[in-house]
Structure formats: C-alpha cells, structure tokens
Amino acid sequence: MHHFQYKNGELHAEGVAVTDIAESVGTPFYCYSTATFARHFNVLSEAFGGTDHLICYALKANSNQAVLATMANLGAGMDVVSEGELRRARAVGVPGYKIIFAGVAKTKDEMAYALSENILGFNVESRAELEALSAVAAANGQTARIAIRVNPDVDAKTHAKISTGKSENKFGVPFVDAAELYDLAASLPGIQVTGIHMHIGSQITDLTPFRQAFGLMRSMTLELRERGHNLEHLDLGGGLGVPYSSSNDVPPPPADYAAIVKEELGDLGLKYVLEPGRMIAANAGILVTKVIYTKSSPAKHFTIIDGAMNDLIRPTLYDAEHEIWPVREELRAEPNIIQDLVGPVCETGDYLALDRALPEFREDDLVAFMAAGAYGAVMSSTYNTRLLVPEVLVNGSQFAVVRKRQTYEELIDLDTIPDWIARP
Ligand SMILES: *Cc1c(COP(=O)(O)O)cnc(C)c1O
C-alpha cells in the first residue's frame, strides 16, 4: 500500500503531480511520500500493539535527514551500522537510548563515539569485537549494553546477496558458540548483557525462516536464563519483504509476522526490538526518470532513460524488478512491447529493467520506477561523473527538496591535483 496514484490522468505523489516536481527539480529524482512512511510504521506498530516493543528503523535503507525526522516523530528509534549513520540519527535528535548499533566491523573509535552517546545497545558480532568493546568501555569507565548477534543458520530463501543468517555468511556468532560467548561477556569489565539479536536477511517473503529463527531465539533465551543471564530484550532484526513486481512473492502482512513472534516468544516476558528498513521505506519512494531516446535492433527494443545504475543499482545488483509506471496514465492503455529500459552509463549492466512488456515510450516521457524508497538513493554513486540526484519529500499537497542535486563543481572539486603534476 502506498500513496502514488493516478489523478486526472497523471501520476501523483499524495496530492502533488509528479510532473510538477519534475518541472521544478528536473530529472531524474527520487520522490518520497510521508503518508506511506507513516502508514508502514503504524501498521507494524499496531501489529505489535499491547506488547512492549521499540521499532528501530534501519536507516541504511533510506537515511535522508527528512526521512529520519519523519520516522523519529512517529516514535521510531534507529538501527545504525556505522558511526556516520549514528551521527545522522543524532543530528535529527533521536536520543541515544533509542539507538541500536549493528555491524561486523565496528572500530574502537566508533565504539567510543557510540558509548559517549549512551546508546541503547551494541549488537556484537564476534568475540574479538566483544573484547574490543569491553576494553574501550572499561578504559572510559563506561558500560556497554550488548546483545550478541546469533547466526541461526537458517535459509531466508531470499537473494544470495541479501541473505545473512546462513553459517557461511559473515554475520553473527554461530548458534553453538553463543552461550559461551555470553558467559564471557558477563565476566568482562564494561559489558552488560541485555539481549539477543538475530537478523537473517532481507526481502523475506516467507514466514517459515522467521519462525525457525525465533524458535532458536526462544531456546537460546531459556539456555541463557539457566546460565544466570538477565535478558531485557529480544532484537528480531528486520527483513520483512515488500511486493516489487507483480510476479514476485507476496510478503506476509505485518500482523501475521507479529503473530508468529508472539507464538514463539510471547511468554518470555521480554521487550521486542524490531529493525525494519525495507518494509518501511521501499514503497514510500519512486525514482522518476525521463526518456532520452528509443532505439530498436533486430533483437531488442531499448528505451534509453536519464536514470541509470548509479542512481538505482538494485536491478543489476540484486536482479530486482521494480514496477514501472508511466507518469501519463493514457500510456497504460497503449499496446505493450517487450523492451529493456537502460541508462546512459557505459556498462552492459546499466539497466533498470530487462525484457518488460511496457508501452512504447517516446522522447521526454516521464517514467517512474516504483518501490525505490529503500536501498535506492543511499546506494547511489557518481560513476561516469553523474551527479547524485535530488530527493523530494511530499506531504499532502506540499513538497520539498530534501537533498538538492549535486553540482558539477561540488563533484569535481572533491579531487585535488598535487603540485608535482604539471597542469596541462
Ligand atoms: C539491513 C539490516 C536491517 C534492515 O533490513 P530490511 O530488510 O531493510 O528490513 C536490519 N537489521 C540489520 C542488522 C541490518 O543489517
């Protein structure tokens, strides 16, 4: 469910015509809907209604400051995976006690900063990290609240590049080693054990792997209690999928997800921490591009657009299929032809869609890639010296540029030429 619909023959984001935004900011651009962010947060929050829970939005999905402020105003905490993300969350005023810090490679400097912000907890992913955290915290007379990220070795049945809960993935501590690591944690200075963390992957559309993981979390909780650990929360990770193209699996409703959480873990009396990213942000954003040319070869019809893999890498990185909506609704009534939508970048992998049945677009048509609000703008690059595209946030009938388009000066001036190279 989202708030991008046709009105008067034109695609709108809530109450704003997408063409009006395009005229104002140019193309390509990302466009986000406040109402959709809010809806997804509220649906998840209601599914966990009556339980003690904190939704820590995984801001790596979309970390624009305006998006973070929107989420924070809804009551969200934040799940961060770097000092940069922690600084982003703090910059919009999210208090440290609502921030969880994950990631396999936290450096001592990052730990010291996070401790100085008195964050809710560190999700620790190895013995080496645990010992480093203890050393940093103890040296500063501080206490780090920790959960250990347990790798349950379950198959999330998702794309290989976004599966994290298999034993061959780099994430977490093997289930069989976790209890001993908890014992070690409890003995270390500067460490307070507060929870268990699991995050098995992303774009998960089947509840079975979640149920398996939560079942293991339950047995881990019971074992840790027997060993005398005092747990406060269970961090369930993120990973709930979203519908990308109509051919994709349909994700489970948040209420069904909440139901299995309660079935597996409800009697343990512990607070839940949730780390949704994609399910909050994906459908809340679109990437709007413009057709530059079309061309046909005997084998293919190509629509060449001004958006490219550097703006939205998901199709080429994850084989993602974003739905494609023409901004002019009348195009939808035209007969479809099979085509690739490709960008200006000099790479064969530079496509946003392959072999899709879509109307025959013409120059200057605007084309929207749906469900691009998560892992879209945040993964963009300046490859081919292309400028980072603007992000626009809509709220009802108003819109604002929440990140302006980069300028060529800003991009090129990042480089310096040392004195010892002669200027040509
Ligand atoms: C990426 C990530 C998330 C968010 O995953 P989504 O699939 O976007 O919900 C949550 N927790 C951790 C630790 C992550 O790395």
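All values derive from a computational prediction rather than experimental measurement.

### A few points about the site of the ligand
Next, step 1: In the vicinity of the ligand, 15 residues are found, and the nearest of them are K60, S202, E275, R278 and Y375.
Next, step 2: Within the side chain of D79, one N or O atom sits 3.3 Å away from a nitrogen atom of the ligand.
Next, step 3: Between S202 and the ligand, the recorded distance is 2.3 Å, taken from a side-chain N or O atom to an oxygen atom.
Next, step 4: Surface burial for the ligand is 94%, taken as the share of its 390 Å² of free accessible area covered by protein chains.
Next, step 5: Split into classes, the residues belonging to the shell around the ligand amount to four nonpolar, six polar and five charged.

### With respect to a nonpolar patch on the surface
Next, step 1: A grouping of I417, W420 and I421 is seen on the molecular surface, where their side chains present a nonpolar patch of about 370 Å² in accessible area.
Next, step 2: Tracing the chain through its elements places I417 in the segment after helix 12 (408–412).
Next, step 3: I417 gets classed as partly exposed once you look at its relative accessible area, which sits at 46%.

### Thoughts on the layout of surface pockets
Any space left empty among the atoms is revealed by the rolling of a water-sized probe across them.
Next, step 1: For the largest pocket, the calculated volume is near 640 Å³.
Next, step 2: In terms of lining residues, the largest pocket is bounded by 36 residues, among which K60, V81, F171, H199 and Y375 are the most central.
Next, step 3: Residues of the lining of the largest pocket, tallied by class, amount to 15 nonpolar, ten polar and eleven charged.
Next, step 4: Per-domain counts for the lining of the largest pocket show at least three residues from each of domain 1 (4–31 + 282–412) and domain 2 (34–281).

### Some details on the domain arrangement of the protein chain
Next, step 1: Annotation of the protein chain at the domain level lists domain 1 (4–31 + 282–412) and domain 2 (34–281).
Next, step 2: In this structure, domain 1 and domain 2 have C-alpha centres spaced 32 Å apart.
Next, step 3: Listed as interface residues are 24 residues of domain 1 and, on the opposing side, 25 residues of domain 2.
Next, step 4: Counting each side, the surface lost to burial between domain 1 and domain 2 is near 2100 Å², with a carbon and sulfur contribution of 51%.
Next, step 5: Here domain 1 is connected to domain 2 by zero salt bridges.
Next, step 6: Seen at the junction of domain 1 and domain 2, the total is 14 residue pairs in polar contact (both at pLDDT 80 or more).
Next, step 7: No other element matches strand 20 (residues 391–395), which puts four residues into the side of domain 1 that touches domain 2.
Next, step 8: Partitioned by chemical class, the residues of the side of domain 1 that touches domain 2 number eleven nonpolar, six polar and seven charged.

Parameters at a glance
- Residues numbered from 1 in each chain as written.
- Predicted model: local features only at pLDDT ≥ 70, side-chain atom pairs only at ≥ 80, totals over all residues.
- Heavy atoms only, no water.
- Near = heavy atom within 4 Å.
- Polar contact = N/O pair within 3.5 Å; in protein donor to acceptor, adjacent residues only side chain to side chain.
- Areas by Shrake-Rupley, 256 points an atom, 1.4 Å probe, with all protein chains shown as cover.
- Nonpolar A, V, L, I, M, F, W, Y, C, P; charged D, E, K, R; others polar.
- Patch = residues over 30% accessible without salt bridge, like charges linked within 9 Å, V, L, I, M, F, W, Y side chains within 5 Å.
- Salt bridge = Lys/Arg side-chain N within 4 Å of Asp/Glu carboxyl O.
- Helix = DSSP H or I, 4+ residues; strand = E, 2+ residues; numbered from the N terminus.
- Buried < 20%, exposed > 50% of the residue type's maximum accessible area, 1.4 Å probe, protein only.
- 1 Å grid on protein atoms, 1.4 Å probe; cavity = no way out; pocket = protein on both sides within 12 Å on 5 of 7 lines; lining within 4 Å.
- Points joined across faces, edges and corners; volume = space filled by probe spheres on them.
- Domains from an automatic or database assignment.
- Contact = heavy atoms within 4.5 Å.
- Buried area = accessible area lost by both parts, 1.4 Å probe.

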